[in-house]
Amino acid sequence: MTPTSPFTGWLDADPEIKRLLDDELTRQRTTLQLIASENFTSPAVLAASGSVLTNKYAEGYPGRRYYGGNQVVDEVETLAIERLKTLFGAEHANVQPHSGANANLGVYKALLEPGDTILAMRLDQGGHLTHGSPASITSKVWNFVSYGLTPASDDPDHPGEMIDLDQVRSLALEHRPKLIVAGATAYARTIDAKDYREIADEIGARLMFDLAHPAGLVAGGAHPSPVGIADVVTFTTHKTLRGPRGGAILCSEELAKKIDGAIFPGLQGGPLEHAIAAKAVAFREAMDPSFSVYAHQVVTNAAALAAALEAQGFRLVSGGTDNHLVLVDLRGFDADLTGKEAQEVMDRAGITANRNTIPDDPRSPFVTSGLRLGTAAETTAGMGTAEMAVIAELIGRSLRQRNDETALAAVRADVGDLCSRFDPYPSLAGSA
Ligand SMILES: *Cc1c(COP(=O)(O)O)cnc(C)c1O
């Protein structure tokens, strides 16, 4: 029979992209992945992400679609919703947000009118762009008031640079926001939803918890859950939760209609059902007892990395970590070393991380004085506390000898040796 389809095979038809995918797989395998918002998803998540579900238009929600042919897709999305509700013990789940940013926008749209006041954490103190940064559309539509951290402290018994809950409360009483946002993107400490709940109740505000970073730690029982305490919980599925790139929202039954309507048709068109299938795969993985072991190991590894970095002469913002990340203040290590240069030097040594502002950073957000490091990805690859000490030594060595190409090449070789023992994808040959 003569084939009528124009398609011949997988990526053999596009050697340029095939080569780039192979190159990226090699990069992920042979260099250290320490970006706190990244992880290695399972081959099952990759398979669902790259599936024929990408072909399907499914505007609407299961059982209420605007297009035909959604029998299978309805089952996929329902499975994702039910698994997510079980995973977090939530009344209602929306798995359609294309990203964490869209999840947050959807909640603001559902709960507020343009011009309403939101109290959230300032970007340069650890908050997210969507928490009212001047660069974000959120600050153009809603009126943001921002809280920050307590001052830095040298007293190890009373570390500073923690969320200033007194400030949250006094700003709440002064500005009477309709919505208070908890959660951060560069904060190494536990955020307890109960502290915020009390403040929100005092002024009759709604509480949204942006769980983007620690969602996997909560799912694995390594971190307290804000579900049932906050009115709405948003998160990304690709950070510690180890799923595909995307977002999700949890809320009570009471808010379900408003939240769903804000995502579609309020903010998005057709959902990405291939991504939703991949989310469902990740939610199932996160229900397995092994994921709880993983989540606890992520936290243990971050504590080990923090201690080893301090031994290398680095100062950590807030003096340590409770979660999967550490925020390094580079100024004590070397007053001339910027976050930008540190990131570039480490890139040459095969250590992938991102520069980050530190609280009250004297340098611009493009340059910065800090580094953010996370343990979620390399813990997935199988690394433990012994490897965290090695990583801290490699970081210290590369930054101390940053103008010595021979020394950096030696670090790069040691990074290669370490990574070769912890391949996240032993079952993938290439063209992932
Ligand atoms: C990562 C993050 C987001 C946004 O996620 P995207 O998928 O990149 O849009 C939102 N809020 C917080 C706190 C985050 O850390």
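Described in the following lines is the structure provided in the data block. (Residues numbered from 1 in each chain as written. Predicted model: local features only at pLDDT ≥ 70, side-chain atom pairs only at ≥ 80, totals over all residues. Heavy atoms only, no water.)

Attention now moves to the overall build of the protein chain. Helix and strand counts for the protein chain stand at 15 helices and 15 strands. Its C-alpha radius of gyration of 22 Å places the protein chain within 12% of the 22 Å reference for a compact globule of 432 residues. Along the first, second and third principal axes, the C-alpha atoms of the protein chain reach 70 × 60 × 40 Å. Scored against the burial criterion, the 432 residues of the protein chain give a buried share of 56%. Taking contacts inside the protein chain between residues at least 6 apart in sequence as the whole, the part at least 24 apart equals 72%. Across the protein chain, the 38 positively charged side chains and the 54 negatively charged ones have centroids separated by 4 Å. (Helix = DSSP H or I, 4+ residues; strand = E, 2+ residues; numbered from the N terminus. Rg over C-alpha atoms; globule rule 2.2 N^0.38 Å. Buried < 20%, exposed > 50% of the residue type's maximum accessible area, 1.4 Å probe, protein only. Contact = heavy atoms within 4.5 Å. Lys, Arg positive; Asp, Glu negative; His and termini not counted. Charge placed at Lys NZ, Arg CZ, Asp CG, Glu CD.)

Here we come to the nonpolar core. Judged by nonpolar contacts, the single largest core of 62 residues is most densely connected at Phe88, Ile180 and Phe235. Here this core spans two domains, since at least three of its residues come from each of domain 1 (49-287) and domain 2 (292-420). Counting 41 residues, the second-largest nonpolar core is a separate cluster that includes Leu32, Ala306, Leu330 and Val415. (Core = buried A, V, L, I, M, F, W, Y, C linked by side-chain atoms within 4.5 Å. Domains from an automatic or database assignment.)

Taking strand neighbours across the sheet as the criterion, the four strands line up as E11-E12-E15-E14 in an open arrangement whose pairing is antiparallel. Of all strands in the sheet, those with a lone pairing partner are strand E11 (315-316) and strand E14 (354-356), marking the two edges. The pairing of strand E12 (residues 325-329) with strand E15 (residues 370-374) spans five bridges and is antiparallel. Residue pairing for E15: Asp329 is matched across the bridge by Gly370. (Pairing = 2+ DSSP bridges.)

Moving on to the sheet that holds strand E9 (residues 232-236). Ordered by their spatial adjacency, seven strands build an open sheet running E4-E10-E9-E8-E7-E5-E6, and the pairing between neighbours is mixed. Here the strands that pair on one side only, and so sit at the sheet edges, are strand E4 (92-94) and strand E6 (143-147). For this sheet, the mean inter-axis angle between neighbouring strands, taken without regard to orientation, is 20 degrees. Across the sheet, helix H6 (residues 165-175) touches strand E5 (117-121), E6 and strand E7 (179-182), and the angle it forms with E6 is around 150 degrees. Contacts between helix H7 (residues 193-203) and the sheet are confined to E6, E7 and strand E8 (206-210), with E7 contributing the most and set at about 170 degrees to the helix. (Axes fitted to C-alpha atoms, helices over the stretch in contact; angles between N-to-C directions.)

A separate point is the packing of aromatic side chains. Per the counting criterion, the structure on display carries nine aromatic pairs. Ring geometry for Phe88 against Phe235: centres 5.3 Å apart, planes inclined by 40 degrees, an arrangement best described as tilted. Of this pair, Phe88 sits in helix H3 (residues 71-88) while Phe235 sits in strand E9; the two residues are 147 residues apart in sequence, bridging distant segments of the chain. Just as Phe88 is buried, Phe235 falls in that class too. Taken together, a centroid distance of 5.2 Å and an interplanar angle of 50 degrees make the contact between Phe291 and Tyr294 tilted. Placement of the pair is Phe291 and Tyr294 together in helix H11 (residues 289-311), with a separation of three residues, close to one helical turn. Each member of the pair, Phe291 as well as Tyr294, carries the same accessibility label: buried. Following the ring pairs from residue to residue traces out a cluster consisting of Tyr108, Trp142 and Phe144. The ring of Tyr294 carries Arg242 above its face, with NZ or CZ at 4.3 Å from the centroid. When the ring centre of Phe366 is taken as origin, the NZ or CZ atom of Arg355, which lies over that ring, is 4.7 Å away. (Phe/Tyr/Trp six-rings, centres within 6.5 Å; stacked < 30°, edge-to-face > 60°. Lys NZ or Arg CZ within 6 Å of the ring centre and 35° of its normal.)

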